[in-house]
Amino acid sequence: KKLANRDWTTTSQARHDGLHRPCVHRSGYFAAAPNAEFVVIVRARLQASLALVKAAKVMPWNDMPTIIREDNSVRFGKDVLPPAEGAALWAEFNVEMDRL
């Protein structure tokens with residue numbers, strides 16, 4: 001699914017990854033607020049991750065790099081959501097990951 005507005009890279013100066021593509025500033029501060037479509041996509045992804053760990057009896061991922069990637073996707077993805085919603089989702093996800 002394509003995003004209508006892709007101009008949400010960084011704060012005061014553009015950062016780039018090793019391939020010279022713009023990167024999202026990881027502290028949660030965007031140059032402009034992410035558009036509504038992007039927030040909907042991220043929210044759905046984070047809620048799916050939360051549902052997966054809540055339903056799991058054992059860790060749903062087999063290897064440490066995947067576990068770290070999934071944890072980081074929620075840890076940093078929550079910054080796209082409104083602050084209270086992101087904090088609540090992260091807290092719930094974190095409790096479930098500790099349980100597993």
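Everything here concerns the structure above.
Residues numbered from 1 in each chain as written. Predicted model: local features only at pLDDT ≥ 70, side-chain atom pairs only at ≥ 80, totals over all residues. Heavy atoms only, no water.

Student: How would you summarise the overall build of the protein if you had to cite specific residues and measurements?
Tutor: Along the protein, the regular secondary structure elements total three helices and zero strands. Secondary structure elements in the protein, listed N-terminal to C-terminal, are α-α-α. Long-range contacts, defined here as pairs at least 24 residues apart, represent 60% of the contacts in the protein between residues at least 6 apart. Carbon and sulfur atoms make up 58% of the accessible area of the protein, which totals about 6,700 Å². (Helix = DSSP H or I, 4+ residues; strand = E, 2+ residues; numbered from the N terminus. Contact = heavy atoms within 4.5 Å. Areas by Shrake-Rupley, 256 points an atom, 1.4 Å probe, with all protein chains shown as cover.)

Student: Account for helix α3 (residues 83–99), naming residues and giving values.
Tutor: Relative to the 24 Å expected for 17 residues at 1.5 Å per residue, α3 spans 24 Å between its end C-alpha atoms, a close match to the ideal helical length. Taken together, the buried positions of α3 are occupied by G86, L89, W90, F93, E96 and M97. Buried residues of α3, viewed axially, fall in a sector of 130 degrees; they line one side. Of the exposed residues in α3, those oriented more than 90 degrees away from the buried face are P83, A84, V95 and D98. Next to the buried residues of α3 lie α1 (36–55) and α2 (64–77). (Expected span 1.5 Å × (residues − 1). Buried < 20%, exposed > 50% of the residue type's maximum accessible area, 1.4 Å probe, protein only. Arc of directions from axis to C-beta.)

Student: Go over the nonpolar core with me, naming the residues and quoting the values.
Tutor: Considering soluble globular proteins, one finds that nonpolar side chains tend to be buried as a cluster. L46, V53, V74, L89, F93 and M97 are the most contacted members of the largest nonpolar core, which has 15 residues in total. Elements supplying a minimum of two residues to this core: α1, α2 and α3. Among the elements that take part in this core, α1 stands out by supplying six residues, more than any other. Once residues lying within four places of it in the same chain are set aside, the contact partners of V74 are L46, S49, L89, W90 and F93. (Core = buried A, V, L, I, M, F, W, Y, C linked by side-chain atoms within 4.5 Å.)

Student: So what's going on with the pattern of salt bridges? Which residues, and what values?
Tutor: Going through the model one piece at a time under the given rule, you end up with seven salt bridges. Its salt-bridge partner being E70, residue R69 comes within 3.3 Å of it at the nearest N-O pair. The class of R69 is partly exposed, set by a relative accessible area of 48%. Overall, E70 belongs to the buried group, its relative accessible area being 8%. R99 is the partner of E96 in a salt bridge, and the nearest nitrogen-oxygen pair spans 2.7 Å. With E96 and R99 both in helix α3, this residue pair falls three residues apart, about one helical turn. Judged by relative accessible area, which is 44%, R99 ranks as partly exposed. Residues participating in the shared-partner salt-bridge network are R45, R69 and E70. (Salt bridge = Lys/Arg side-chain N within 4 Å of Asp/Glu carboxyl O.)

Student: Lay out the environment of V80 with the relevant residues and their values.
Tutor: Within the fold, V80 resides in the loop between α2 and α3. C-alpha of V80 to C-alpha of R43: the two residues are 37 residues apart in sequence and 8.3 Å apart in space.

Student: Requested: an account of α1, with residues and values cited.
Tutor: Taking 1.5 Å of rise per residue, 20 residues should cover 28 Å, and α1 covers 28 Å from first to last C-alpha, within 8% of that figure. For α1, the complete set of buried residues consists of F38, V39, V42, L46, S49, L50 and V53. Taken around the axis of α1, the buried residues stretch over an arc of 100 degrees, which confines them to a single face. Seen from the open side of α1, the exposed residues pointing more than 90 degrees away from its buried face are A36, V40 and A55. Tucked inside the fold, the buried residues of α1 contact α2 and α3.

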